[in-house]
Amino acid sequence: MTEAGKEAAPESLRAAEDMTLVTRFAPSPTGPLHLGHAFSAWMAHDLARSAGGHFLLRIEDIDRTRSRESWERAIYEDLAWLGIRWDAPPMRQSDRLGVYDDALRWLWAEGLIYACSCSRRDIVAAASAPQEGAEPQRGPDGIVYPGTCRAFARTPASPMPQHTALRLDMRAALERIGADTISFDEIGRGQPQRRRRPAKDMLEQVGDVVLSRRDFPGSYHLSVVLDDGAQGITHIVRGEDLGEATWIHRVLQDLFSLPRPVYHHHRLIRDPEGRRLAKRDDARAISAYRNDGLSPDDLRKLVGLGGSPAVP
Ligand code: GLU
């Protein structure tokens with residue numbers, strides 16, 4: 001048994017070094033793709049094509065209760081109709097559960113995650129207790145976890161428990177990466193800008209996020225970081241609603257010694273009332289526009305993009 005904090009992340013979790021620009025689109029097959037997905041996929045695809053890079057697809061089907069193969073097939077069909085081509089067979093998260101499990105075991109052995117048995121109700125009660133009546137602090141995943149289960153003693157030698165939520169010990173993670181600032185490069189329309197956040201804000205405003213759920217091994221944060229690393233993604237193009245999650249991903253990338261991607265958090269496509277589109281907005285489904293006789297170029301105009309870029 002190695003002493004906690006001494007072992008480097010397994011080599012298999014690291015990405016190949018390659019300077020070619022690589023972007024991706026990573027939909028979850030839990031409903032129809034809508035206009036917002038088309039915009040996001042085009043943003044990533046256009047960037048790869050204009051830079052002579054690669055565009056990859058990843059099916060984020062880790063949540064087996066909500067994912068459907070019929071939605072996965074619809075994703076391939078919609079993207080093909082939009083003129084989007086991917087340069088390698090799609091990666092599927094359901095094929096990678098072993099990788100997530102290996103990563104969790106390493107985090108466990110290093111004392112960087114702990115088991116949590118709190119229900120949502122427990123969390124609300126504990127987070128509201130210190131300042132009765134005051135709103136509890138909220139982070140990217142909802143209420144910042146008040147740390148109840150962190151206090152329970154565990155030895156690094158104890159086996160990793162199954163079928164229980166596992167949380168990142170954010171304080172231990174920040175100490176491990178030894179950073180007092182978390183940063184990433186953001187590209188908008190110009191040069192990358194470095195965005196920075198004091199590490200202590202991560203403790204207060206983000207906290208001990210869930211890295212493995214009770215009902216399946218892994219979580220969005222864990223798998224997205226490992227998969228982007230494994231696919232060698234250099235530029236992550238996604239909606240600004242995921243901007244807060246990026247700070248968590250940066251901590252995990254450093255823990256796993258993965259390369260740091262450049263980010264572009266793009267604007268969201270909204271309905272005429274200004275609300276974000278959601279999977280339940282079937283009226284804005286790409287297939288609905290297609291069935292109404294619109295062309296992909298009509299959709300590009302609808303979301304404020306110019307004509308299709310020349311595909312090399
Ligand atoms: N699978 C996520 C979604 O469909 C996107 C994840 C990401 O782009 O990082 O919203």
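Residues numbered from 1 in each chain as written. Predicted model: local features only at pLDDT ≥ 70, side-chain atom pairs only at ≥ 80, totals over all residues. Heavy atoms only, no water.

Looking at an unreviewed UniProt entry, one finds the protein named Glutamyl-Q tRNA(Asp) synthetase and attributed to Citreimonas salinaria. Taken directly from UniProt, the Sequence similarities (unreviewed entry) text for the protein runs: "Belongs to the class-I aminoacyl-tRNA synthetase family." (UniProt positions renumbered as here; feature names shortened; annotations may be inferred.)

To continue, consider the site of the ligand. Surveying the vicinity of the ligand reveals the residues Arg24, Ala26, Pro27, Ser28, Glu60, Tyr220, Val224, Arg238 and Leu242. In this structure, a nitrogen atom belonging to the ligand sits 3.1 Å away from a side-chain N or O atom of Ser28. Arg238 places a polar side-chain atom, nitrogen or oxygen, 2.8 Å from an oxygen atom of the ligand. (Near = heavy atom within 4 Å. Polar contact = N/O pair within 3.5 Å; in protein donor to acceptor, adjacent residues only side chain to side chain.)

Taken in spatial order, the three strands line up as E1-E2-E3 in an open sheet, and their pairing is parallel. Each edge of the open sheet carries a strand with a single partner, namely strand E1 (22-25) and strand E3 (91-92). Both strand E2 (residues 54-59) and E3 contribute to a ladder of two bridges, which runs parallel. Within E3, the residue paired with Ile59 across the bridge is Arg92. (Pairing = 2+ DSSP bridges. Helix = DSSP H or I, 4+ residues; strand = E, 2+ residues; numbered from the N terminus.)

Turning to the nonpolar core, a few remarks are in order. Counting residues in hydrophobic clusters, the biggest one holds 41 residues, and the most contacted among them are Leu107, Leu211, Leu222 and Phe256. Contributing elements (two or more residues each) for this core: helix H3 (97-109), strand E7 (165-168), helix H5 (170-177), strand E8 (181-186), helix H6 (199-205), helix H7 (220-230) and helix H8 (243-255). When residues of this core are assigned to their parent elements, the largest contribution, six residues, is made by H3. (Core = buried A, V, L, I, M, F, W, Y, C linked by side-chain atoms within 4.5 Å. Buried < 20%, exposed > 50% of the residue type's maximum accessible area, 1.4 Å probe, protein only.)

Glancing now at the packing of H7 against H8. Relative to each other, H7 and H8 sit at 60 degrees, their axes nearing to 10 Å. Classed by the angle they form, the pair H7 and H8 counts as oblique. Seen from above, H7 lies across H8 with right-handed handedness. Of H8, the residues touching H7 (which contributes Tyr220, His221, Leu222, Val224 and Val225) are Ala245, Ile248, His249, Leu252 and Gln253. In terms of residue class, the contact of H7 with H8 is built from seven nonpolar, three polar and no charged. (Axes fitted to C-alpha atoms, helices over the stretch in contact; angles between N-to-C directions. Parallel < 35°, antiparallel > 145°, perpendicular 65-115°, else oblique. Left-handed = near helix turned anticlockwise from the far one by under 90°. Contact = heavy atoms within 4.5 Å. Nonpolar A, V, L, I, M, F, W, Y, C, P; charged D, E, K, R; others polar.)

Another aspect to go through is the pattern of salt bridges. A complete count under the given rule lists 24 salt bridges for this structure. Of the charged contacts, one joins Arg92 and Asp95 as a salt bridge, the two residues approaching to 4.0 Å between their closest N and O atoms. The network of salt bridges with common partners includes Arg24, Arg58, Glu60, Arg96, Asp227 and Asp228. (Salt bridge = Lys/Arg side-chain N within 4 Å of Asp/Glu carboxyl O.)

Here we come to the confidence of the model for the protein. Confidence in the prediction of the protein, expressed as mean pLDDT, is 89, and 88% of residues score 70 or more. In the model, residues 12-16 has pLDDT below 50 throughout and makes 14 contacts with residues more than four positions away in sequence or in other chains. (pLDDT = per-residue confidence, 0-100.)

As for its placement among the helices and strands, Arg96 is situated in the loop between E3 and H3. Separated by 127 residues in sequence, Arg96 and Ser223 have C-alpha atoms that sit 8.6 Å apart. With residues near it in sequence (within four places) discarded, Arg96 still touches Met91, Leu226, Asp227 and Ala230. A distance of 2.7 Å separates a polar atom in the side chain of Arg96 from a polar atom in the side chain of Asp227.

Moving on to the side chain of Ser183. With respect to the element layout, Ser183 can be found in strand E8. Look at Ser183 and you get buried, because its relative accessible area is 14%. Leave out the neighbours within four places in its chain, and Ser183 touches Arg194, Arg195, Arg196, Trp247 and Arg250.

Attention now goes to the sheet that holds E7. Pairing in this open sheet of three strands is antiparallel, and the strands run E4-E7-E10 from one edge to the other. Two strands in the sheet have a free side with no partner beyond their single neighbour: strand E4 (113-116) and strand E10 (210-212). Going from strand to strand, the sheet's axes swing by 45 degrees on average, the running direction of each strand aside. The sheet contact formed by E4 and E7 spans four bridges and is antiparallel. By the bridge assignment, Tyr114 is partnered in E7 with Arg167.

Here Arg58 lies in strand E2. Taking the C-alpha atoms as reference points, Arg58 and Gln93, 35 residues apart in sequence, are found 7.6 Å from one another. Discounting residues that sit within four places of it in the chain, Arg58 has contacts with Arg24, Phe25, Ala26, Pro27, Met91, Gln93, Val224, Asp227, Asp228 and Gln231. At a separation of 3.0 Å, a polar atom in the side chain of Arg58 contacts the side chain of Glu60.

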